[in-house]
Amino acid sequence: MTQAQATALSLDDIPHPPLTPVVGHTLDLLRDPMGLHMGAAAKFGPVYKVKVLGQWRVSLGGAEALEFILGDTQKLFSSFEGWDMLHTLFPGGLMLRDFDDHRSHRRIMQAAFRKPVLDAYRARLEEATDTLLKDWKADQPFKFFPAIKDMTLRMGAAVFMGLDLGDPRADLLSNAFQAEVAAATAVIRKPVPFTKMARGMAARTTLTQHFSLMIPERRDNPGDDFFSQMVLAADEDGNAWSTEDLVDHFNFLMMAAHDTTASALTKVAWALATYPEWQDKIIAEVDALPDAPMDDAGLASMHSADLVLKEALRLLPPVPLIPRRAVRDFEWQGHIIPAGTWVSATPGTVMLSPKHWTDPEKFDPDRFGPDRAEDRSHKYAWAPFGGGAHKCIGLHFATMQVKIFLAALLKTHRIELATDTPIDWIRVPIPQPKGGLPVVLRVRAQTTVS
Ligand code: HEM
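What you see is a predicted model, and the numbers here were worked out from it, not measured in a lab.

Comments concerning helix H3 (residues 33-44)
Between its first and last C-alpha, H3 extends 16 Å over twelve residues, near the 16 Å set by a 1.5 Å rise per residue. Three or more residues of H3 are buried, namely Pro33, Met34, Leu36, His37 and Ala40. In a view along the axis of H3, the buried residues occupy a sector of 160°, so they form one face of it. More than 90 degrees from the buried face of H3, the exposed residues found are Ala42 and Lys43. Looking one or two places after H3, you find Gly45, whose phi comes out positive at around 90°.

Take a look at the structure:
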């Protein structure tokens, strides 16, 4: 297709839900993104558009579209352009790179995710989880979501940055990091004084300064933390990163890892507290673990934990919509979509589609078991970690973190809801329970923990 033809193309033939003057669908998306997308898909079918912050975004629904967009065998879709809301605060992050440039950076980052390195992170994770869980008191109701966010941030300081849990830099960097993440989804996109964006930009400067100072320190004296491993990281040809690259990649990595895992752990905690029979199954697995540091066999033996995590991520994926921008005109299901169009892949709606899942709204981890294997109905039926070149590089780490947390917690305690009110979930900026998920821990009868 020629450029002249491309500019003549439009999105006029693509249907959309009714528009609110000025804001379009922006507020609907912020309030209830899944409601907006599920409603539009039910009314218009898999191809429709929504207008967000003045721009049309075309949604291509269905597992086939996920494969088309994320698999991107024709190099049609820019992730950098798609994730435009992250440009100011997270420039240079892995997800904000495209095609050959992305591939060469991903090959270097892969060095920080090799098996022996993951084993070292596992030991650090286990130690930090055991220590931090001591602050959680039995029989005293607390809100799980803020507590797990705090814990995963502290854990980030230990496992990602290699700082001691008591290091004063840990709090400073965690606070800066939180301000930066909050700014990523701020409605006011310019650093006007006293706005989230201004605080986020200031936080980025603080983080950049500290990370830059830490680089020579770790080059001389590397540890078994992510930051050291990324300082050391090189691909098979010996290509490594500049200081600027390192700061950008690490900053992005912390962001990509943190809220997603905290959100997933919260949905898992809700599941255990709401379905005690599943908690019992995981407790039985935890009790069968040897009294020794967690190893591969131990992680692999936690089958029920796997099923519950998969189901939690299906019902409440931390990343339900994945944005891209078309670099060339393309055709999908009879629609010609022009270059420059923002396109959304929708794993969140695919994972609730009756085409792939029996009774999709129901919490039913057995659907992933060998007898039913509903996730096998399509390569992209279950895609909370995305797919293709940008598929989450931290998926094994995230799974390990969830299992280590469950093993540490359930070894000694059970978790119960501390409210009779059904839990409502907010989707933006990251899926979380309204009211924070009040829970209470009970010491397990057969244990002697104080
Ligand atoms: C339950 C937890 C997590 C979920 C649901 C999740 C989800 C995702 C998704 C959907 C993507 C692809 C986005 C796209 O294609 O545009 C992604 C990319 C990424 N994730 Fe995760 N993530 C999680 C945890 C983590 C952790 C723990 C880390 C790091 C240790 C991490 C690091 C990354 C990075 C670096 C990318 C960019 C990969 C690339 O562009 O090549 N994530 N994640």
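With respect to the pattern of salt bridges
Counted by the stated rule, this structure contains 32 salt bridges. As a salt-bridge pair, Asp28 and Arg31 come within 3.5 Å of each other at their nearest N and O atoms. Of this pair, Asp28 and Arg31 both sit in helix H2 (residues 26-31), three residues apart, which is roughly one turn of that helix. Arg124 serves as the salt-bridge partner of Asp224, at 2.7 Å between the closest nitrogen and oxygen. Note that Asp224 is positioned in the loop between helix H10 (196-220) and helix H11 (226-232) and Arg124 in helix H7 (residues 115-133), a separation of 100 residues in sequence.

Re the packing of aromatic side chains
Taken as a whole and assessed by the stated rule, the structure comprises 24 aromatic pairs. Here the aromatic rings of Trp136 and Phe144 are separated by 5.6 Å at their centres, their planes lie at 80°, and the arrangement is edge-to-face. When the centroid spacing of 6.0 Å and the interplanar angle of 90° are considered together, the rings of Trp270 and Trp425 count as edge-to-face. With Trp270 in helix H12 (residues 243-274) and Trp425 in strand S10 (residues 425-426), this residue pair connects regions lying 155 residues apart in the sequence. Site record: aromatic cluster; members linked through ring pairs are Phe113, Tyr121, Phe160, Phe226 and Phe397.

Focus: the coordination of the iron atom of the ligand
Looking at the protein side alone, the iron atom of the ligand has one donor only, Cys392 (SG), at 2.3 Å. With respect to the element layout, Cys392 can be found in the loop between helix H16 (347-350) and helix H17 (395-410).

About the thresholds
Residues numbered from 1 in each chain as written. Predicted model: local features only at pLDDT ≥ 70, side-chain atom pairs only at ≥ 80, totals over all residues. Heavy atoms only, no water. Helix = DSSP H or I, 4+ residues; strand = E, 2+ residues; numbered from the N terminus. Expected span 1.5 Å × (residues − 1). Buried < 20%, exposed > 50% of the residue type's maximum accessible area, 1.4 Å probe, protein only. Arc of directions from axis to C-beta. Salt bridge = Lys/Arg side-chain N within 4 Å of Asp/Glu carboxyl O. Phe/Tyr/Trp six-rings, centres within 6.5 Å; stacked < 30°, edge-to-face > 60°. Donors = N, O, S within 2.8 Å, 3.2 Å for Na, K, Ca; no water.

Shape descriptors only; they carry no functional weight alone.
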